[in-house]
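Listed below are the residues making up each chain.
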Amino acid sequence: MQPHPRATSIAAAVACRDGVQLGATLTETVRLRALLPGGCVESHGRDAVVARFAGWFAEFDTVELVSAAGEPVADRLLVHYRLTLRQGPRRWACTQTLIAKTVGEQLATLDLLCSGFREVAEGADDDA
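Since the structure is predicted, the reported quantities are computational estimates derived from the model, not experimental observations.

## Points about the pairing of strand β4 (residues 76–87)
- Two strands pair when backbone bridges link them, and strand β3 (residues 62–73) and β4 are joined in this way by 11 bridges, in the antiparallel orientation. From the neighbouring strand, A68 faces β4, where its bridge partner is Y81.
- From the end of β3 to the start of β4, which pair antiparallel, there are two residues, and A74 there has a positive phi angle of about 55 degrees.
- Here β4 pairs with strand β5 (residues 90–103) via 12 bridges, running antiparallel. Note on β5: the bridge partner recorded for L83 is C94.
- As consecutive antiparallel partners, β4 and β5 are separated by two residues, and within that stretch G88 has a phi angle of approximately 60 degrees, a positive value.

Rendered as structure tokens:
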């Protein structure tokens, strides 16, 4: 995958925990689906999807975008991004990969394929 402006915009909105910016990329009736380690996640509607992303990152002091890439595939956009998260002295790496069906310039469905959090040891490089 290559750098992609829409993928970067989506990832930046997630990292900034900016509900207005993230919401602007979504249709009013957007649907989020994901099978995550805690079980199946499904949210319907712009406000619910924005709240879901906000909830995943709410406990962290900082969330920073490390990289974002995307690839258009027919009427969908494959998005992959990496975040660094901090809570006090502890640090995590988070990667998320999703396929988004687009309607015009907005995302109508988000299928979260992969979401992983791992703690990064102090002094370690989180690119490993």
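After that view, the rundown keeps rolling.
## Remarks on the environment of A121
- With respect to the helices and strands, the residue A121 is situated in the segment after β6 (106–120).
- Each C-alpha atom of the pair A121 and W92 lies 8.5 Å from the other, and the pair is 29 residues apart in sequence.

## Side note on the packing of aromatic side chains
- Using the criterion set out here, one finds four aromatic pairs in the structure.
- Ring geometry for F60 against W92: centres 5.2 Å apart, planes inclined by 75 degrees, an arrangement best described as edge-to-face. Here W92 lies in strand β5 and F60 lies in the loop between α3 (46–57) and β3, a separation of 32 residues in the sequence.
- Assessed through its relative accessible area of 7%, F60 is described here as buried.
- Taking relative accessible area as the criterion, W92 reaches 12% and is therefore assigned buried.
- The rings of F57, F60, W92 and F117 are connected pair by pair, giving a single aromatic cluster.

## Some remarks on unusual backbone geometry
- Backbone geometry places R17, a non-glycine residue, at a positive phi of 55 degrees.
- Summarising the element assignment, R17 is placed in the loop between α1 (5–15) and α2 (19–24).
- Unlike most non-glycine residues, A74 shows phi in positive territory, near 55 degrees.
- Along the chain, A74 turns up in the loop between β3 and β4.

What counts, and where the lines are drawn
Residues numbered from 1 in each chain as written. Predicted model: local features only at pLDDT ≥ 70, side-chain atom pairs only at ≥ 80, totals over all residues. Heavy atoms only, no water. Pairing = 2+ DSSP bridges. Helix = DSSP H or I, 4+ residues; strand = E, 2+ residues; numbered from the N terminus. Phe/Tyr/Trp six-rings, centres within 6.5 Å; stacked < 30°, edge-to-face > 60°. Buried < 20%, exposed > 50% of the residue type's maximum accessible area, 1.4 Å probe, protein only.

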